[in-house]
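# What the coordinates show
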Number of protein chains: 2
Amino acid sequence: MNFEIKYKDARARIGTFSTKHGKITTPTLMPVIHPKKQTIKVKDYGAKMVITNSYIINKDEELKQKALTEGVHELIDFPGVIATDSGSFQLSVYGDIDITNKEVIQFQEAIGTDIGTSLDIPTPPYVRREQAENELNTTIARAHEAIETREHMLLNSVVQGSTFTDLRTMCAEDIGSMNFDIFPIGAVVPLMEQYKYADLVDVVMSSMKGLPESKPRHLMGAGHPMVFALAVAMGCDLFDSAAYILYANNNRLMMPTGTLRLENLIEMPCSCEVCTKYTPEDLLEMEHDQRAKLLAIHNLHISFAEIRQIKQAIKDGTLMNLVEERCASHPFLLDGLRRLKEYNEDMELLNPSSKESAFFYTGPESLNRPEIYHHQKRLNNLNFEDNDKLIILPHSRKPYGKHIIRESLHNKKDEKLNKTVFFSKDYNPGSDWSNADIIIADVPFGIIPLELDEFYPLAQNESPSIHDMNAIKFVQDSLKKFSKNYEEILIHKGIIDRFYKEDETDFLGVSSDIILPTGKIDDFKRLNMVADYQFGTGSGKAIFGDDPEKLEIEKSKKTKKIRSIKEDDEIVVNMRANDGFLILSDIGAKRLHKHSPSPKNRVIINGEVAEFARKGKSVFSKFVLDADSDIRKNDEILIVDQDDTLLSYGKSLLSSKEMLEFNIGSAVKTRKPKNEL
Amino acid sequence: MNFEIKYKDARARIGTFSTKHGKITTPTLMPVIHPKKQTIKVKDYGAKMVITNSYIINKDEELKQKALTEGVHELIDFPGVIATDSGSFQLSVYGDIDITNKEVIQFQEAIGTDIGTSLDIPTPPYVRREQAENELNTTIARAHEAIETREHMLLNSVVQGSTFTDLRTMCAEDIGSMNFDIFPIGAVVPLMEQYKYADLVDVVMSSMKGLPESKPRHLMGAGHPMVFALAVAMGCDLFDSAAYILYANNNRLMMPTGTLRLENLIEMPCSCEVCTKYTPEDLLEMEHDQRAKLLAIHNLHISFAEIRQIKQAIKDGTLMNLVEERCASHPFLLDGLRRLKEYNEDMELLNPSSKESAFFYTGPESLNRPEIYHHQKRLNNLNFEDNDKLIILPHSRKPYGKHIIRESLHNKKDEKLNKTVFFSKDYNPGSDWSNADIIIADVPFGIIPLELDEFYPLAQNESPSIHDMNAIKFVQDSLKKFSKNYEEILIHKGIIDRFYKEDETDFLGVSSDIILPTGKIDDFKRLNMVADYQFGTGSGKAIFGDDPEKLEIEKSKKTKKIRSIKEDDEIVVNMRANDGFLILSDIGAKRLHKHSPSPKNRVIINGEVAEFARKGKSVFSKFVLDADSDIRKNDEILIVDQDDTLLSYGKSLLSSKEMLEFNIGSAVKTRKPKNEL
């Protein structure tokens, strides 16, 4: 399987793979084609890949002979990619079927299927553990047999294990280590039919835990667009839909937010050719077949439009926004999204560090986005040893540093706001506060050290001015945790007004005599903190040294933002305007390399391709031997060989887990060093 | 203006009105047509009504002559309804224009406009109060002049007042009392451009406060589909869009969730003819004019599809769900929705009591829906004098009464759940608990007396099993408030587990010796409580008397639900299966009439049409003299004349405010009494 990632967001990816019948871009939807009954040419509506049932073909002598002589593409008259199912579904419905696993594989191969499937056992949700285990053993045994039987075609192997998350993970690890090409996640239809989306999330996420990133995954039987966005965010790449036609036969219209019954409609719901040409009455007056065909066309249009919207959201880095919108359409979908909170660590693992779009807070679920978790983790990189004083200020416009003084401290409209300050019990009126650390408390990131105010997404986010209680609690918890690093604390009244009730501030003193120092940002302190936040504790000191006088800091004339830092006319690092990331140069890279112990900040590659990296050529995943587990797409990283010789540096294009698992595609966009390092 | 309401939800309505050029169904969108530059035949994409600018026509000699001789419909080649703007926009941009208010009105009349507009002053948001007041005086003076000048055409009068909510209300009341036909809400474009949706909500809701319900309202300059659902929910009926073409000229695609730039697209976002035929690259390669035309067609399709979805949601009673979905697309739209909480009372005023669809909780904002407020109000109807003991149980499947015993009290899986009970400090181990009131604590309705478990929407709702903190706090507050009516309280452990943290239950005792009585519902108690909840305190006793033995209660064999209550073989009331409402009969109506003082539960009609009501004919709004201010659409009401003679009874089709303000259409669907009452 030559699966390659083009864009990433959350656990979602836009990927491509090739087959004998063309190249597929995921995520995509495979309409299910019944080998005998086809009313719609699905390729006219966006289908590049379909799924049909080899068991049904095999059972029908006429279909079987035609498929064997002319091939399955001719049989169902579809020139694109064809996957075939094996009969597992029939097995689950009728109990037993009269074909062996080996025969099914051989038959699929014989009819020219692009992607075949072994005869797994689809264990339903909520069975007894013993049943799940026994059936899983059969499924895995048949997977082994399938691999041995397969000759040329690509091969699915289905993750089973019922609703036992450990069995799902175990199964995924087992079959994930074998040479399959696509991994369907099976027997989830009952969960979707019963709206058990929280359990669906458990099943999918525990399957993902065991599956390699380098192969596409197919959420089997998921054909309703309302679940696509959530599933894609968890890492699903393929969907199949018989629903478009089954729903249509039953007068039901699919929407990305649910299902509509034609009889209840006074208006057609979308902008497709059917919805703009006909009224509900027009359709109800038609003969069944004509109506069903038109509704199926609507269902296909709306499903493919949803797939396109999802792809666009992945490219933009706004997929979780789309997921939150979609899950706002049904309480049980929302339940699924809320369950996803239990998988914060797994969601963050593959999420890019920097994105094209701002972070939009659109409700309590936004607090579970990977960016929030990532920020919490990176805050631990900061060095708290040098300072025991903290000032907490309310938000201003962003970036905070530019506006904080004018808007928050010298608020003309509310004089009281300037004068009232809360302080911690350890506050000493005689202390010198001029070098205190200053943080902003705000939704959704909780606390933002003033020096990090330009770093993505701490500057690139928006939230409503009216807070929900989860957001308030999150800010309170963040402040509580962060404050532990300090002995004396001053708190601006704006924070208390916004985030605390009266009886929640008993532990604080209050004074209107204290004058808060102005929150000016020291460039040297900013550079140090950004470096620590981005590369790990102590990185700032390693890269910038102890003496601010040695550095020449160049700023943008227009924005006043730092652009580059030089030492003796040589660039140490640049600071990227759009996301505030430090971009390494030769000196910066060497200092970071010297400071941080392997494999921290590193992608370790095979020495055989060392020269390519030195020359600035991209690093391909297949040459990556190891990588810092903290690396995410768009991080700045060091490129070293197995002896830890620094070869070059660059921008990661994948998370470290992906670099290690992929064998094709680029892992790092290398920056060519000026001199040998 | 012959505006008539067909369907209602929240403050939204599907209405119709007729003009010389056809009948319009609202909500609808009026594409703005430039009298000189038309690239798209908007009627091909769903436009039944357009808006064009009489000032531009008047300024251009050629256009003017053609309009005066052939009429504006011929001039812009649109056979449907045409509204014209007056030049106020030009006034706001260029400062002064060379035409008087009177001239503008006369000119619009002369060119055959269906709906003309006076020359108001569009005062921008955030100006000084003095400016807003002065300009408002001019606007209102010109409104008077417009009314005097107008001959045949329908006439707009624009609500102004900048961002001063009291001025908006005052202006709305002033012009609302004059004989205008449509009320635009003006000068809100800057608020939308700056994403000040919370302020937009203030402006719209304060305007609504003063406007009559019986005329359509037009949110002027709102042409982006992302704001349609929220605006319609607040009571806006008409939108105008120049944006569809302006955005298209600038490579921007509208979506109901925001705006997309063509250059950033890798996929087309919707299911319309343009998005399914072309890729972003196809469009970018085209000449500007061809591309702009296609993008404008997309923008029209997506805008009209959104209008259709909104109409469907109003019909289904799910509009607030759609609003919540849409507002989950941008933090500042969410801010607008959150601000709407300040208008809970106004939102509930026009919201139907019973709807076709279940209540779906989809986030903290769902707690601000009118149904929640309505329930809080009606809980006050209950009689707490007879009982000082309360048992609080956790939720089960709905209706609670049917499942509560099996699922909550006798939970086999969790023995502890059955045994641990919390109790209030006044708890007396010797008390008799067999007749205690029993309530369920649940999201989203807070507390639900067990006897009301079939009443809409207390049975007809769904919420996620994982709660947000606003929902938890809401349940806590509801319990606290409701508990005050009782002296001794027992609380099932499930409530504590779900809604309280450990340190929040210090005021309670805990015991594992108490055995909760089984929660069986007494039919007589149920009838009494439902009647009180539906019709007001004491109604149950008035309708059903003191002696349960006198009543024959008939139940459905299948569902075991109460169907009808008879006394001496005569029906007293029926209980409707789908929403649990008591439906009056002759006896029930007479007893309720005797019990509740006028105008409680009453629609008071002109005695001239008394005979029609007696015969079961619908009551028209124009004959309604007064009505109980608590009446909402779908309430069961008494029909009386001005002497309070009971004529009949029936189902209200409007809220009482609407009955009083409308002069056409039905107000009550009368049930024909069996005998004279």
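Preceding block: the structure.
Rules used in this analysis
- Residues numbered from 1 in each chain as written.
- Chains lettered and ligands numbered in written order.
- Predicted model: local features only at pLDDT ≥ 70, side-chain atom pairs only at ≥ 80, totals over all residues.
- Heavy atoms only, no water.
- Least-squares fit on C-alpha atoms with pLDDT ≥ 70 in both.
- Contact = heavy atoms within 4.5 Å.
- Axes fitted to C-alpha atoms, helices over the stretch in contact; angles between N-to-C directions.
- Helix = DSSP H or I, 4+ residues; strand = E, 2+ residues; numbered from the N terminus.
- Parallel < 35°, antiparallel > 145°, perpendicular 65-115°, else oblique.
- Nonpolar A, V, L, I, M, F, W, Y, C, P; charged D, E, K, R; others polar.
- Buried area = accessible area lost by both parts, 1.4 Å probe.
- Salt bridge = Lys/Arg side-chain N within 4 Å of Asp/Glu carboxyl O.
- Polar contact = N/O pair within 3.5 Å; in protein donor to acceptor, adjacent residues only side chain to side chain.
- Phe/Tyr/Trp six-rings, centres within 6.5 Å; stacked < 30°, edge-to-face > 60°.
- Buried < 20%, exposed > 50% of the residue type's maximum accessible area, 1.4 Å probe, protein only.
- Lys NZ or Arg CZ within 6 Å of the ring centre and 35° of its normal.
- Pairing = 2+ DSSP bridges.

We now examine the relation of the copies chain A and chain B. Here chain A sits on chain B after a turn of 180 degrees about the axis and a move of 0.0 Å along it, with an RMSD of 0.0 Å. Between the two chains, the operation in question is that of a two-fold axis. Closest approach to the rotation axis within chain A is made by the C-alpha atom of Cys272(A), at a distance of 2.3 Å. When you check the interface residues of chain A against chain B, 100% turn up at the interface there too, and the contact is symmetric in its surfaces.

Bringing the packing of helix α6 (residues 129–149) of chain B against helix α7 (residues 165–176) of chain B into the picture now. All names here are of chain B. Look at α6 against α7: their axes get within 11 Å of each other, and the N-to-C directions meet at 10 degrees. Between α6 and α7, the crossing angle belongs to the class labelled roughly parallel. On α7, the residues that touch Arg129, Ala132, Glu133, Leu136, Ile140 and Ala143 of α6 are Asp166, Leu167, Met170, Cys171, Asp174 and Ile175. Class assignment of the residues belonging to the contact of α6 with α7 gives a composition of eight nonpolar, no polar and four charged.

The next subject is the interface of chain A and chain B. Of the residues lining the interface, 52 residues belong to chain A; the matching set on chain B comes to 52 residues. Across the chain A/chain B interface, buried area totals approximately 4500 Å², and carbon plus sulfur atoms make up 57% of it. Interface area lost by chain A to chain B is led by Ser271(A), Arg308(A) and Arg338(A), which between them contribute 14%. Here Arg338(B) and Asp468(A) are joined by a salt bridge, their closest N and O atoms 2.8 Å apart. Inspection of the chain A/chain B interface yields 31 residue pairs in polar contact (both at pLDDT 80 or more).

On to the packing of aromatic side chains, then. Using the criterion set out here, one finds 24 aromatic pairs over all chains in the structure. The interplanar angle of 35 degrees and the centroid separation of 4.8 Å between the aromatic rings of Phe423(A) and Tyr427(A) together place this pair among those described as tilted. Residue Phe423(A) shares its accessibility class with Tyr427(A), and that shared class is buried. Ring geometry for Phe455(A) versus Phe581(A): centroids 4.5 Å apart, planes at 15 degrees, classification stacked. One end of the pair, Phe455(A), is in the loop between β18 (446–449) and β19 (461–462); the other, Phe581(A), is in the loop between β24 (570–575) and β25 (582–584), and 126 residues separate them in sequence. Among the aromatic side chains, those forming a connected cluster through ring pairs are Phe384(A), Phe482(A) and Tyr486(A). Sitting over the ring of Phe359(A), Arg369(A) keeps its end group 4.4 Å from the ring centre. It is Arg252(B) that lies over the ring of Tyr247(B); its NZ or CZ is 4.0 Å from the centre.

Below, the discussion takes up the pairing of strand β1 (residues 4–9) of chain A. All names here are of chain A. In this sheet, strand β2 (residues 12–19) lies alongside β1 in antiparallel orientation, the contact comprising five bridges. Note on β2: the bridge partner recorded for tyrosine 7 is isoleucine 14. Where β1 folds back onto β2 in an antiparallel hairpin, the turn is made up of two residues, including alanine 10, whose phi is positive at roughly 50 degrees.

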